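Commentary on secondary and tertiary structure
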Amino acid sequence: MATAGPRCRQGGAAMASLAAAEPPAPRAASRSPALGPSRSGGERRSNAADAAQDTQSRSVDFDYIIALLGDSGSKDLEKEQLKTLKKVIKHFENGFPLKDVAQITDILNLCAERMCEQEAFTEPLCELIKLFGLPFQKRKSSDEANYSVEVSQSITHLGYQPTSPNYKIRMAEIGGLAEILVLSLKLVENQLTEKLWVLKALQHLSTSEESCEQMVHVQGASRLCLCLNGADPSGQLLFRSSDILWNLLEKASKEEVVYQLRSLECVHALKEAFLELVFGFRHCDHQLRNDLLVIATLLAESPAVPLIESGFAKILIVLATCTEVKLHNPLVKGFKLTYSYEDFEMKKLLFNIIAVLSKDPSAAQLLNESHVIPALLYYVKQNQRSGFPNWSAAQYEELQLHALAVLASVAPLLVDKYLSCHANTLLLAFLEWCMSQDTFFGGGNSFHGKGGRGTKIAQMRYSLRVLRSVVALYDDAVTNNLCDQGAISQLLDILKYAADKYKEKESIALLDIQADILFILSVLCEDDNDRKELFSCEGIGMLVSYLKMDPRKLCSDTGHNCLILSALDCLWSCVIGCFLAEESFIEKQGVFLLLDLLAIKDNNMCHIILGILVEFSDNPKTVLHMSIWKGKRGRTAANVLIQLWRQEEQDLGVKRDQYGKIVDTKRPLITSFQRQQKVIPLPASCPSFSINEVAESIRAKIYLLFCKLGFQNLPGLSAKDVATLAIIQHFIDFKIGEVWSEISAEIKEEFRPVTSDERTLKLISEVSEYTGRMVLGLQIEALERQHHQEIQEEKEIYKELQATQIKKEMINKSWKNFLAQTSNYEALKKAKMHQKTLIEASRSKAKIHDAPENSTDIPKLHTTVAPGRCVTVEGLCQEGLLANRDHACKMSSVCRAFRDYQKR
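**Structural notes on the overall build of the protein**
- What the protein contains, in helices and strands, is 45 helices and 0 strands.
- Long-range pairs, those at least 24 residues apart, make up 74% of the contacts in the protein between residues at least 6 apart in sequence.
- Accessible area of the protein: about 49,600 Å², with a carbon and sulfur share of 54%.

**Points about helix H33 (residues 579-587)**
- The set of residues buried in H33 consists of Ala581, Glu582, Glu583, Ser584, Phe585 and Ile586.
- In this structure, the buried residues of H33 make contact with helix H29 (529-536), helix H30 (539-547), helix H32 (560-574), helix H34 (590-598), helix H35 (603-616) and helix H36 (620-628).
- Gln589 occupies a position one or two residues after H33 and carries a positive phi of about 60°.

**Re unusual backbone geometry**
- Of note, His371 is a non-glycine position whose phi angle comes to about 60°, a positive value.
- Position of His371 relative to the elements: it lies in the loop between helix H20 (364-369) and helix H21 (372-377).
- Note on His371: relative accessible area 26%, which makes it partly exposed.

**Some remarks on the pattern of salt bridges**
- Across all of its chains, the model carries 22 salt bridges by this definition.
- Across the salt bridge formed by Glu345 and Lys348, the nearest N and O atoms sit 3.4 Å from each other. Note that Glu345 and Lys348 are positioned in helix H19 (residues 341-357) at a spacing of 3 residues, about one turn of the helix.
- The residue Glu738 makes a salt bridge to Lys735 at a minimum N-O spacing of 3.5 Å. With a gap of 3 residues between them, Glu738 and Lys735 both fall in helix H42 (residues 731-750), about one helical turn apart.
- Here Glu738 falls in the buried class, since its relative accessible area comes to 2%.
- One network of salt bridges, with partners in common, ties together Glu649, Arg656, Glu693, Arg699, Lys735 and Glu738.

**Regarding the side chain of Ser310**
- Within the element layout of this structure, Ser310 appears in the loop between helix H17 (283-300) and helix H18 (312-321).
- Overall, Ser310 belongs to the buried group, its relative accessible area being 5%.
- With near-sequence residues (within four places) excluded, Ser310 lies in contact with Leu264, Val267, His268 and Lys271.

**With respect to the nonpolar core**
- Counting 201 residues, the largest nonpolar core has Leu202, Leu248, Leu464, Leu598 and Phe706 as its most contacted members.
- For this core, the element with the most residues is helix H28 (residues 508-525), which contributes 13 residues.
- Discounting chain neighbours no more than four positions away, the residues touching Leu248 are Cys212, Met215, Val216, Gly220, Ala221, Leu224 and Val257.
- Ile65, Ile129, Phe132 and Phe136 belong to the second-largest nonpolar core, a separate cluster that totals 29 residues.

**Looking at the packing of H28 against H32**
- As a packed pair, H28 and H32 sit with axes 8 Å apart at the nearest point and diverge in direction by 20°. On the basis of their axis angle, the class for H28 and H32 is roughly parallel. Classified by chirality, the crossing of H32 by H28 is left-handed. Packed against H28, whose contacting residues are Leu511, Gln514, Ala515, Leu518, Phe519, Leu521, Ser522 and Cys525, the element H32 presents His560, Cys562, Leu563, Ser566, Ala567, Asp569, Cys570, Ser573 and Cys574 at the interface.
- Of the residues belonging to the contact of H28 with H32, the class tally is 11 nonpolar, 5 polar and 1 charged.

**Details of the side chain of Thr771**
- Take Thr771: it is sitting in helix H43 (residues 755-823).
- According to the relative accessible area criterion, Thr771 is buried, its value standing at 13%.
- Those residues in contact with Thr771, other than ones at most four positions away along the chain, are His730, Asp733 and Phe734.

**Considering the environment of Val591**
- When you line up the elements, Val591 lands in helix H34.
- Accessibility expressed as a relative area gives 0% for Val591, which makes it buried.
- Residues Val591 and Ser617, 26 residues apart in the sequence, show an inter-C-alpha distance of 9.9 Å.
- Apart from the residues lying within four places of it in its own chain, the contact partners of Val591 are Phe585, Ile586, Leu613, Thr622, His625 and Met626.

**A few points about a nonpolar patch on the surface**
- On the surface, Ile732, Ile736, Trp740 and Ile743 cluster together into a nonpolar patch covering about 330 Å² of accessible area.
- Turning to its location among the elements, Ile732 is positioned in helix H42.
- What makes Ile732 partly exposed here is its relative accessible area of 38%.

**Notes on the packing of aromatic side chains**
- Taken as a whole and judged by the stated rule, the model has 14 aromatic pairs.
- For the ring pair Tyr378 and Tyr379, a centre distance of 5.4 Å and an interplane angle of 85° mean the geometry is edge-to-face.
- Residue Tyr379 is classed as buried on the basis of its relative accessible area of 1%.
- In textbook terms, an aromatic cluster arises when at least three aromatic residues are bridged by ring pairs, as seen for Trp645, Tyr703, Phe706, Phe711 and Phe731.
- Directly above the aromatic system of Trp433 lies the positively charged group of Lys456, at a separation of 4.8 Å from the ring centroid.

**Remarks on the state of the cysteines**
- Under the criterion given, the structure shown has 0 disulfides.
- Its sulfur unpaired, Cys525 is 3.9 Å from the next cysteine sulfur, which belongs to Cys574.

**Brief notes about helix H10 (residues 177-184)**
- Within the sequence span of H10, burial applies to Leu177, Ala178, Leu181, Val182 and Ser184. Summarising the axial view, the buried residues of H10 lie within an arc of 160°, below the 170-degree limit, and thus occupy one face.

**Re the packing of H42 against H43**
- Axis separation between H42 and H43 bottoms out at 10 Å; the angle between their running directions is 145°. As for how H42 packs across H43, the hand of that crossing is left-handed. Together, Asp733, Phe734, Gly737, Trp740 and Ser744 of H42 and Leu761, Ile764, Ser768, Thr771, Gly772 and Val775 of H43 make up the contact between the two elements.
- In terms of residue class, the contact of H42 with H43 is made up of 5 nonpolar, 5 polar and 1 charged.

**A word on the confidence of the model for the protein**
- Taken as a whole, the protein shows an average pLDDT of 81; of its residues, 83% reach a score of 70 or greater.
- Low pLDDT, under 50, characterises residues 1-57; the predicted model gives this stretch 74 contacts beyond four residues in sequence or across chains.
- Here residues 875-885 is modelled with pLDDT under 50, and outside its nearest four sequence neighbours on either side it reaches 3 contacts, counting other chains as well.

**Here's the deal with the environment of Trp629**
- Counting through the fold element by element, Trp629 comes out in the loop between H36 and helix H37 (637-652).
- You can call Trp629 buried: its relative accessible area is 5%.
- C-alpha of Trp629 to C-alpha of Leu595: the two residues are 34 residues apart in sequence and 7.9 Å apart in space.
- Those residues in contact with Trp629 that sit more than four places away from it in its chain are Phe592, Leu595, Asp596, Ala599, Arg635, Thr636, Ala637 and Val640.
- Within polar-contact distance, the side chain of Trp629 engages the side chain of Asp596 at 3.0 Å.

**A closer look at the environment of Ser263**
- Summarising the element assignment, Ser263 is placed in the loop between helix H15 (254-260) and helix H16 (264-278).
- Separated by 41 residues in sequence, Ser263 and Ala304 have C-alpha atoms that sit 9.0 Å apart.

Cut-off values and rules
Residues numbered from 1 in each chain as written. Predicted model: local features only at pLDDT ≥ 70, side-chain atom pairs only at ≥ 80, totals over all residues. Heavy atoms only, no water. Helix = DSSP H or I, 4+ residues; strand = E, 2+ residues; numbered from the N terminus. Contact = heavy atoms within 4.5 Å. Areas by Shrake-Rupley, 256 points an atom, 1.4 Å probe, with all protein chains shown as cover. Buried < 20%, exposed > 50% of the residue type's maximum accessible area, 1.4 Å probe, protein only. Salt bridge = Lys/Arg side-chain N within 4 Å of Asp/Glu carboxyl O. Core = buried A, V, L, I, M, F, W, Y, C linked by side-chain atoms within 4.5 Å. Axes fitted to C-alpha atoms, helices over the stretch in contact; angles between N-to-C directions. Parallel < 35°, antiparallel > 145°, perpendicular 65-115°, else oblique. Left-handed = near helix turned anticlockwise from the far one by under 90°. Nonpolar A, V, L, I, M, F, W, Y, C, P; charged D, E, K, R; others polar. Patch = residues over 30% accessible without salt bridge, like charges linked within 9 Å, V, L, I, M, F, W, Y side chains within 5 Å. Phe/Tyr/Trp six-rings, centres within 6.5 Å; stacked < 30°, edge-to-face > 60°. Lys NZ or Arg CZ within 6 Å of the ring centre and 35° of its normal. Disulfide = S-S within 2.5 Å. Arc of directions from axis to C-beta. pLDDT = per-residue confidence, 0-100. Polar contact = N/O pair within 3.5 Å; in protein donor to acceptor, adjacent residues only side chain to side chain.

What follows is the structure, encoded as structure tokens:
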């Protein structure tokens, strides 16, 4: 302690050993004054206790006691010291006040020193330690914070019972008690009772994250693991050690704990403890066995842990498979399942550890020798419980689904064993049963059974996952074996079944099933035209239905995006390259559907859709369909491709101005990443950044599509589109210049080219720059042409607006004149005179012989408005136009049409 000298520290160690050997006294009653006032009227009791505490504090002179114990001399002095200690013990029989803990700890240290020389001090020392087992007393609520340093220092020597559990844990953390207790394990290695007390304290402290970190800091995980196999008839040593290890893995750094347990000695200790519990018969043994199995699983996730070298992995695998594959293995002699809940959990944990080991390639031989594949295939059959009469239907289903999930992890490692066991045949037969109208209904209660309640969807899902895992190896033996058994037709039937079920009720499990089937079909049909023709009979219709998916679903998190990508991959592998399949797809408007998806501008799909269109573009019908396609707002295929080009260049950081014109005529296509790269000479076999960019970006695909569509007379393009199209048209020229620029930079980085080579490189650079300036000129011309056209259109619109305005003014003027005629007689007379003048001016100057004179005036007219459209004409009864009956009929029909128009 801070107030004690070297001798006090030595005495503190002795005192700590005594504290570990002495069991703590029972807790004081809850009515102890140390608890302070309560809500139920404990104020008076607290005041009385405070008064008693004050009396105690005043009657004890700690300075005198410490000075007395510090002296050494005669026998009489020793008797006085012992008498004084008994008085102190009697005085604090109800517990120590928090403010006196520091002085009491000094007294303990002095007693420990005396005990080494005089055994008479042993008894009072033990009595004082027992008093530390009582709750500390506090006078004020702030005592816990004010005396936390003194209490934490005393904790480094003793355990105690503070006023509250949280305060206890906090003080233990501050005092570093966990570290000291872990280090003290070595001191009590051969003392079972003391070791159990230390482990019990550590078990309580392991509920705190900070205490767990302190244990790990002093290699607590490895020290505790080595305690698992200590001799202890009660089993407490194994129980408490494993519980602390579990807490360390949960609350401390998992990586650090596993690192400490990676030694062969620790793994052996864990193995021996597990084997001892495997053959136990008590319920607690089975629970502790499963806890150790979980710890072993966490260790198996780290390749550095020698689980295989220690033989522990072999024991676990044999235990996992011994009930399915009858082998006479001495490792499991006497092992028997009781079909209890703990054994069921152990079975699942053993399956899980096989899946974990399958991630380590070095475990493949061990898995093969232990007959893991036959054991897992035991569950690939209809849900019959023969051989497991004591498992319930729900338990057997959960084991079955778990075995299928593990098989999906193990099968790729053991392909030869997988094929030799006819696993494909078993899985296809099992899938056929999954589609049958069987009376079995899944429980759907387990993790793997999610989404399969009342159906066999879960079994179908994990069976297809096994097929997908082995097919993904692209092994000809696997694919040929599947195709020879008619897997393509069967998978198409399952795909249709899953799609129909999904329409009835949406489910993530059904989405996974469809995506897995599409992937399996992609691998089976790739590079085989016969299989592609077989697929095209029913598969193309399914692909078209997927391409018609609602675009809004692609933005959701339900898995539709993965499904559409699987459908596109299947289209590429199962259709492209087979003429009959391509024709069928195009006839079903597949190109239109691809362009509809491309117009969504989903970055995840653009690459693959453009690649598919490039492959399809060798077919003339594809180019025709692309030319006539119209999207929303009248967008054409060329317009969509140009917009994708601009978006790609924006993402890549290519320099363009606001109108899309070239900024850097020397390297028009260079990206921001390429600008940041330094010149790095590369070998001839290694592609440069410019070459890699062709494969990684979509610009090359867009260029190839325009090579098929053409660069002239494309409808629906703006001037900005035309400017971008000029860049696309010269993409290959710019790319060649870019590659030559890299070659020139690499040469100049290491060599000085000869004059002729330097002249050639300079000429190539000038040609590339000239092409850039030429394209820039075309862009400027296109933009100016559009600007001129916009000006002309603006002028035409202005003329129309001007004519409309003039017409409105004339109408307003005419209306004003009309109003003036109705209210002003002079204006009416003036209008009448003007009317007569116009009539006279309209008359023919030639005189007709004997023609009658017709007056334009209507007698007795009293209106001030002009007459209507109907005028009675006299004098044409016999001759003239009405004499012609045919003409009269025509006029009458014209008049009727005119009247109808007026009515409308």
